[in-house]
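# Per-entry structural report
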Amino acid sequence: MEQVLELGLGGSPMSSNTRLLLMFLISVGTAVASYFIPSTLGVVLFMTGFGFALSLNLREIGFAFKCTVINCLASNKFTKASGCCGTQFGWREFVFYLTALTLALLEAGLLHSFLGPQAFSKTSLQAVVSYLLMALFLATWILGQIQAVYLFGMLRNPFYPKDVMTANVFVEKQKRLKKIGVLRRILLAVVSPFAMIAFLSLDNSLHHLPSVYVSIGFSRGFRMVWQDTEHALLDMVVVSTVQLLVFNTDLWWNRSIDTGIRLLLVGIIRDRLFQFVSKLQFALTVLLTSWTEKKQRRKSTATLITLNIVFFPVVLTLILLSALLSSPLLPLFSLPIFLIGFPRPIRSWPGPVGVTACICPDTIYYQQMIPSLTTALQSALSNGSLGLCSPGSHYLCRFQDRLVWILVLERGFTYCCLNIKGLELQETSCHTAEAHKVDEMFETAFEHEEHRKILSLNHHFLNILTPCCVLPVKLYSDARNVLSGIIDSPDNRRQLKDDFLKNLLWVLVQYCYKKSKTHRTRERTPISKHKSPSVEPPEVLSKAIESPDSWKNDDHLSVESIDEWTDDSNLFDDEPSKKGPKMASRGSTPRPFFSLPGSVEIHTTDTELPEAPSVNKLYKPVVLGLPAVDTGGKWGVVDLRPVKFSNSYSELLSIPEEWRTVPLPVAKLYEMKQKFPEDWYHFVLRQLDFFPLKENPSNLLEDIVKDAALKDLYVKCALSCYIAVFGLDDVLPSPGHIFRAYNGGLPWSVCLDWLVAKQELFQLALKVFRYTVKLLVDQASLGPVESFKELLSCLEEYENDWYIGLVSEEKWQQAVLREKPYLFSLGHDPNMGVYTSRVLTLQEFLVQVGKLNSEAVRGQWANLSWELLYATNDDEERYSIQAHPVLLRNLTIQAADPPLGYPVYSCEPLHVPLL
């Protein structure tokens, strides 16, 4: 069905079986309907109109029409809900298609009606149009070759930019090629179709009542003009040339068949000839590399090569028969023994497109880069940089450790349907070796010094991968560094503790300021009677917080997973050592304890702490009448009285009431107050903007800075978080402590239970610690922060442009999809025993693109069918999850296993507009 649709009816292979069946029935119906039209003018207009309509992206047009109807008929509320219908078909495309269809109908109708039947001759108008077609074919072919890095795949293009190291320089130097590409696009998409319609409309065969041959041949010809313009132009040039050379002779070509059937025959011959050349190149490469490549050389190789030479006519017949049947050429078990594979469609794999992929952490990076890559491919396909792009063409994209495989599923007028798969990031040594071969070929094409020579040769001409171009794509680069000498430096770790308090103060102030700002906004906004007002923080710090101990379920934010640990314990043991007193229970929320005035309450480490937001001051527990005791073991008293601020506006920056409890020994609290960075606290407050407030006093900020009650709240909250992270002892944190705290595994301390019970504050403290680690790495690499303004600038940059967390977190993936400019993560290499950092940077990079020999890919897929007959259950499962093998162990081998990599990302078919 696919072959009949493509060769007999002028259509294109489709991206799914349903679309294929539907398009096949419509195409057959169009050819049959043209037979029953009694008017020759009606036949011409009918074929022209339906040939244009069937070549369009009907799926996208139908989807756009459906969304338009829904938006027009539905209510306003539903319209907003359905307004998210994403479609690439808009008013610009509609006007362009309507104009092209109108002009095509006018041209075909006028030429057919007013000029009348004319016999073909060297001076006829149809012959003049033939010369025009030849000139157009030559011009578009030359302009297309200039776009690629290699001319004819062999010689380096002297017009292609030599410096392709950076995206900015390359884009600037490629402007001349873009102008040439625009000219080619105009000639191919606008001028050539109308010239070919003129050639067909002037044919003498259309002035007789249509026969079966006329209906089939010309319905196909009028459709090919739009569906596959490049091949249609080649076919018409061949037919015109033959007609001009043999028009005086009484041959079967001139006497028995019309122009439509000639185009049909030439199209079939052209398709099979291209397949034959591709299969022959594939067979010769397998034959040669079976001896030249050491990994492919076997004891029987010489015998097999000799047999292929002796039985060369038989091998050539097999290749020819395989091309005639459009079947894959199968190298049996990767040996130079060739068989004919089973015929298969262009899609090559049995399941639906886009569903067969092994999801893993690498998937998210391919998912992020696909939209930008699609935009770059749109320009490359339009300009001809990727060569002759037809259904069944395969391309390979390479950047750093990423490989993207692209298959063209269908092609029509100004659109192309692609399937894009991202391959695993070199999981095995074999795949690393294969990727090294890919890099070697691309480096030779784009970065080698020989390019300064004019028309340098392509040393990898016989490979199945031919470099085409580089595309500027917006994606993440991955940089990994070893932190030896940074995270283990005593000076850096001492600075880490000081910076943590400063960073925490800034985050707390910003949090309270934004929260009060949200309150003020909601107070000014009328609240619907169906909705109750709610207070939400400006930034969602946790996905879902249902109970105080819900954080323990997270593998990366678990304290119980390591319980009590010391620096002597092995971080990577299966069961961490447990030393010291056991942690207090965190199974329930602490309840407030109400005691009588004047009573004495002695709290032990197992006593639950009061945590009521507000209690009558008469119920405040006090300690009277006891002799002096060791205050180092006595819990601090919680002051539940309302805070009296000296400035009414200080309430806007007040710490939330549930965070005001202080689970610290009294003496320790006063001792730790010396660490509080008061100058930084004043500096942060002076940076706030209270301009939106009504009746904003001129000295508002200074009054807030001098408010002792507000400062006391920040002192208690900040120091409690500080002790929860670093402990009571004033010792330097070890590198293991830093790594575990970065992952959320805090050691037990007197403040940890208090912090964990307040999940929002816990997430803030964790974020601050990660910011501090990032600041530690930056200061060690770029130099110390020398002023408060510089520190503030760094924190604002972390808040706005960075995501600092763990690769395994869901928020990391969300940040990648939101295209956060920078991402940072801290890691550990247990094999090397070193701590590492990973930085992802979003930039526009140059992705290298090459075209694959389609026969090699199809042949290797057929080869797997034979290998599975001898595979174990594990191998069969491994192959079944693989959507399509792309390359082989070595690109010069073409037929060795294993494939280059398994797909970890496979998207649904993308319909890329080429306007």
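Refer to the preceding data block for the structure.
Notes on the structure follow. (Residues numbered from 1 in each chain as written. Predicted model: local features only at pLDDT ≥ 70, side-chain atom pairs only at ≥ 80, totals over all residues. Heavy atoms only, no water.)

On a plain count of helices and strands, the protein comes out with 29 helices and 13 strands. By element, 60% of the accessible surface of the protein is carried by carbon and sulfur atoms, the whole surface being about 43,200 Å². (Helix = DSSP H or I, 4+ residues; strand = E, 2+ residues; numbered from the N terminus. Areas by Shrake-Rupley, 256 points an atom, 1.4 Å probe, with all protein chains shown as cover.)

Turning our attention to the environment of G10. On the secondary structure map, G10 appears in the loop between α1 (2-8) and α2 (17-35). In the structure, G10 is positioned 45 residues away from S55 in sequence and 9.2 Å away in space, judged by C-alpha atoms. With residues near it in sequence (within four places) discarded, G10 still touches L5, R220, R223, M224 and Q227. (Contact = heavy atoms within 4.5 Å.)

The next point concerns the packing of aromatic side chains. Within the structure shown, the criterion is met by 33 aromatic pairs. An angle of 50° between the planes, with centres 5.2 Å apart, marks the rings of Y722 and F726 as tilted. Remark: F726 and Y722 occur in helix α22 (residues 708-726); sequence separation between them is four residues, near one turn of the helix. Here Y722 and F726 have matching classes, each one buried. Between the aromatic rings of F726 and F769, the centroid separation amounts to 6.0 Å while the plane-to-plane angle is 50°, which identifies the pairing as tilted. With F726 in helix α22 and F769 in helix α25 (residues 759-782), this pair connects stretches of sequence that are 43 residues apart. (Phe/Tyr/Trp six-rings, centres within 6.5 Å; stacked < 30°, edge-to-face > 60°. Buried < 20%, exposed > 50% of the residue type's maximum accessible area, 1.4 Å probe, protein only.)

What follows covers the nonpolar core. In terms of nonpolar packing, the biggest core is built from 83 residues, with W680, Y714, L755 and F769 touching the most fellow members. Counting residues in hydrophobic clusters, the runner-up holds 69 residues, among them Y150, I319, A323 and L465. (Core = buried A, V, L, I, M, F, W, Y, C linked by side-chain atoms within 4.5 Å.)

When you tally the buried positions in strand β7 (residues 415-423), you get nine out of nine residues, the bulk of the element. Neither face of β7 is left uncovered, since the one carrying Y415, C417, N419, K421 and L423 and the one carrying C416, L418, I420 and G422 both have all their residues buried. Here strand β6 (residues 402-412) pairs with β7 via nine bridges, running antiparallel. Across the sheet, residue I406 finds its bridge partner in β7, namely I420. The pairing of β7 with strand β13 (residues 910-913) spans four bridges and is classified as antiparallel. Opposite C417, over in β13, you have H911 as the bridge partner. Relative to strand β12 (residues 903-906), β7 runs antiparallel, the two being bridged by three bridges. Residue pairing across strands places G422 opposite Y905, the latter belonging to β12. (Pairing = 2+ DSSP bridges.)

The next subject is the packing of helix α20 (residues 678-686) against helix α26 (residues 788-801). As a packed pair, α20 and α26 sit with axes 11 Å apart at the nearest point and diverge in direction by 65°. Along this stretch, α20 crosses α26, giving a crossing that reads as right-handed. Residues D679, W680 and F683 of α20 form the contact with α26, whose participating residues are F788, K789, L791, L792 and L795. (Axes fitted to C-alpha atoms, helices over the stretch in contact; angles between N-to-C directions. Left-handed = near helix turned anticlockwise from the far one by under 90°.)

Describing two packed helices takes the angle between their axes plus the distance from one axis to the other. Packing of α2 against helix α3 (residues 40-54) leaves a shortest axis separation of 10 Å and a crossing angle of 170°. Compared by their axis directions, α2 and α3 come out roughly antiparallel. The segment α2 lies against α3, with M23, I26, S27, T30, A33 and S34 engaging V43, F46, M47, F50 and L54. The residue inventory of the contact of α2 with α3, partitioned by class, reads eight nonpolar, three polar and no charged. (Parallel < 35°, antiparallel > 145°, perpendicular 65-115°, else oblique. Nonpolar A, V, L, I, M, F, W, Y, C, P; charged D, E, K, R; others polar.)

We now examine unusual backbone geometry. With phi around 60°, F152 is a residue other than glycine that occupies positive phi space. Counting through the fold element by element, F152 comes out in the loop between β1 (150-151) and β2 (155-156). Overall, the relative accessible area of 48% leaves F152 in the partly exposed class. For S326, which is not glycine, the phi dihedral falls at a positive 55°. Within the fold, S326 resides in the loop between α15 (312-325) and β3 (329-331).

In total, this model carries zero disulfides according to the counting rule given. Cysteine C469 shares no disulfide, and the gap to the nearest cysteine sulfur, in C468, comes to 6.0 Å. Look at C469 and you get buried, because its relative accessible area is 2%. (Disulfide = S-S within 2.5 Å.)

Before going further, it helps to spend a moment on the pattern of salt bridges. A side chain of one charge can pair with a side chain of the opposite charge when the charged atoms of the two come close. Counted according to the given criterion, the structure contains 18 salt bridges. We note a salt bridge from E93 to R92, for which the minimum N-O separation is 3.3 Å. What makes E93 buried here is its relative accessible area of 10%. A salt bridge links K279 to E855, with the nearest nitrogen and oxygen atoms 2.7 Å apart. In this pair, K279 sits in helix α13 (residues 259-292) while E855 sits in helix α28 (residues 854-867), placing the two residues 576 residues apart along the sequence. For K279, a relative accessible area of 0% corresponds to the buried category. (Salt bridge = Lys/Arg side-chain N within 4 Å of Asp/Glu carboxyl O.)

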